[in-house]
Amino acid sequence: MSPDQIEALLVRYLEGQTTTEENQLVERWLEQNNNANAVWPGMDQPAKDKWLSGVFDEISNTIPKGSAKVLPLPGKKRLLWQRIASIAAALLISFALYLEWQPIKMHFQPVQFNTLHVPPKHKKQVHLADGSQVWINEGSELKYPEIFEGRTREVYLSGEAYFDIAHNAAKPFIIHTGKVVTTVLGTAFNIREDQNNHTVVVTVTRGKVSVADEHKLLGIIIPDQQISFNTSKNEVVKAVVDAQQVIAWQHSDLHFEDVSFAEAALKLQQRFNVKISFSNEKLKNCRFTGTSLNGEKLEKILKVICAFNNASYQTRPDGSILIGGKGCK
């Protein structure tokens with residue numbers, strides 16, 4: 001709850017528009033904090049923010065470890081502006097226990113994040129402070145703190161990355177990828193965000209992963225399981241996959257182990273950042289096995305794959321690739 005929200009609540013209380021629970025909270029702290037200083041009404045917004053931040057350390061030390069209880073208090077409302085400063089500090093404590101302590105903490109003591117951008121045709125590996133390791137794919141971005149403080153370990157991902165998380169049962173690891181929140185204790189998994197198709201795909205190689213959006217749990221997956229979430233349609237697809245193929249992008253070489261032509265084309269698209277399409281839909285189902293060594297050009301790889309599948313390809317003026325031919329059948 002931000003200072004603006006606290007102030008709005010106080011105004012609603014003074015106008016008699018608050019709920020019973022809100023009244024109980026305000027009245028409880030009125031009784032316990034009989035402060036007659038008429039300071040708050042005379043402050044502008046920067047001064048109010050500064051004043052509230054000044055009580056942050058005191059608030060941090062006074063919040064109990066257990067859940068607070070709200071006790072209804074009888075008596076008449078004391079609608080005195082002189083007490084608003086006390087109510088604001090008290091509500092900041094009380095509502096933190098119930099609703100949004102972490103956002104309040106972030107408001108006053110924002111976490112400093114390192115930002116790692118990975119350019120095209122590159123990959124980066126980073127070791128986090130807790131011992132976890134992250135491999136970030138080309139064109140992706142990872143934001144992470146120098147040190148994980150508080151009760152969680154949180155990072156922000158845009159693009160694709162493979163995570164190998166150090167186990168800590170008391171401190172969950174949370175990855176924010178757009179609207180999708182992935183939570184683990186200690187496991188290994190891949191997250192790929194496709195902003196063009198509005199999808200986030202989570203694939204597990206070890207352990208167990210919980211995937212959710214802003215409103216609900218999307219699913220819990222184990223090794224060789226995958227959740228694909230379409231953020232624009234709110235559609236969830238859970239599937240069994242070969243997780244090692246999903247994370248093959250980590251390695252220097254391209255591995256095609258009993259894959260369809262369509263799956264191979266998708267890998268090539270991601271590796272070479274080029275659009276590949278088919279003029280013959282039957283070609284997509286042709287399967288083959290092969291390995292492409294690092295450094296080989298796209299044209300050479302396509303020649304070999306097309307030879308396997310009785311196909312041919314052409315490069316269009318816009319740089320995209322069109323694959324055609326009779327196919328394997």
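It should be noted that the structure appears before, not after, this text.
The notes below deal with the structure included here. (Residues numbered from 1 in each chain as written. Predicted model: local features only at pLDDT ≥ 70, side-chain atom pairs only at ≥ 80, totals over all residues. Heavy atoms only, no water.)

1. Let's talk about the environment of K124
Within the secondary structure, K124 is located in strand 2 (residues 124-127). For K124, a relative accessible area of 37% corresponds to the partly exposed category. Those residues within four positions of K124 in sequence are excluded, and the remaining contacts are L116, V118, V134, W135 and I136. (Helix = DSSP H or I, 4+ residues; strand = E, 2+ residues; numbered from the N terminus. Buried < 20%, exposed > 50% of the residue type's maximum accessible area, 1.4 Å probe, protein only. Contact = heavy atoms within 4.5 Å.)

2. Topic: the nonpolar core
Ranked by internal contacts, the top residues of the largest apolar core, which has 28 residues, are L142, V155, F163, F173 and F189. Once residues lying within four places of it in the same chain are set aside, the contact partners of F163 are Q133, V134, L142, V155, L157, F173, I175, T187, A188, F189 and I191. Counting 20 residues, the second-largest nonpolar core is a separate cluster that includes L268, L283, A311 and I321. (Core = buried A, V, L, I, M, F, W, Y, C linked by side-chain atoms within 4.5 Å.)

3. Comments concerning the sheet that holds strand 5 (residues 153-158)
The sheet built from seven strands is open, its strands ordered 1-4-5-7-8-11-12 with mixed pairing. In this open sheet, the two strands that pair with only one neighbour each are strand 1 (113-117) and strand 12 (217-221). Averaged over all adjacent pairs, the angle separating strand axes in this sheet is 20°, with direction ignored. Pairing geometry for strand 8 (residues 180-184) and strand 11 (residues 209-212), over three bridges, is antiparallel. Each residue of the ladder has a partner; that of T183, found in strand 11, is S210. (Pairing = 2+ DSSP bridges. Axes fitted to C-alpha atoms, helices over the stretch in contact; angles between N-to-C directions.)

4. Looking at the packing of aromatic side chains
For the structure shown, the criterion picks out eight aromatic pairs. An angle of 45° between the planes, with centres 5.7 Å apart, marks the rings of W135 and Y162 as tilted. Here the residue W135 occupies a position in strand 3 (residues 133-136), and Y162 occupies one in strand 6 (residues 160-164), the gap between them amounting to 27 residues. When its relative accessible area of 9% is taken as the criterion, Y162 is described as buried. (Phe/Tyr/Trp six-rings, centres within 6.5 Å; stacked < 30°, edge-to-face > 60°.)

5. A word on the pattern of salt bridges
Considering all chains together, one arrives at six salt bridges under this definition. Linking D213 and K216 is a salt bridge whose minimum nitrogen-to-oxygen distance equals 3.7 Å. Of the charged contacts, one joins E281 and K284 as a salt bridge, the two residues approaching to 3.2 Å between their closest N and O atoms. (Salt bridge = Lys/Arg side-chain N within 4 Å of Asp/Glu carboxyl O.)

6. Focus: helix 8 (residues 298-308)
For helix 8, every residue scored as buried is listed here: L298, I301, L302, I305 and C306. Across the axial projection of helix 8, the buried residues extend over an arc of 125°, all falling on one side. Residues of helix 8 that are exposed and point over 90 degrees away from its buried face: K303 and A307. Trailing helix 8 by a residue or two, N310 shows a phi angle of about 55°, which is positive. (Arc of directions from axis to C-beta.)

7. With respect to the pairing of strand 9 (residues 188-194)
The buried fraction of strand 9 is high, at five of seven residues. Pairing between strand 6 and strand 9: five bridges, direction antiparallel. Within strand 9, the position partnered with Y162 by the bridge is N190. The pairing of strand 9 with strand 10 (residues 199-206) spans seven bridges and is classified as antiparallel. Across the sheet, N190 pairs through a bridge with T203, a residue of strand 10. Linking strand 9 back to strand 10 in an antiparallel pair, the connection comprises four residues, with H198 at a positive phi of about 60°.

8. Here we look at helix 7 (residues 261-272)
At 3.6 residues per turn, the α-helix brings residues three or four places apart onto the same side. Spanning 12 residues, helix 7 covers 16 Å between terminal C-alpha atoms, matching the ideal 16 Å at 1.5 Å per step. Three or more residues of helix 7 are buried, namely F261, A264, A265, K267, L268 and R271. Burial along helix 7 is one-sided: seen end-on, the buried residues are contained in an arc of 160°. One or two residues past the end of helix 7 sits N273, with phi positive at roughly 55°. (Expected span 1.5 Å × (residues − 1).)

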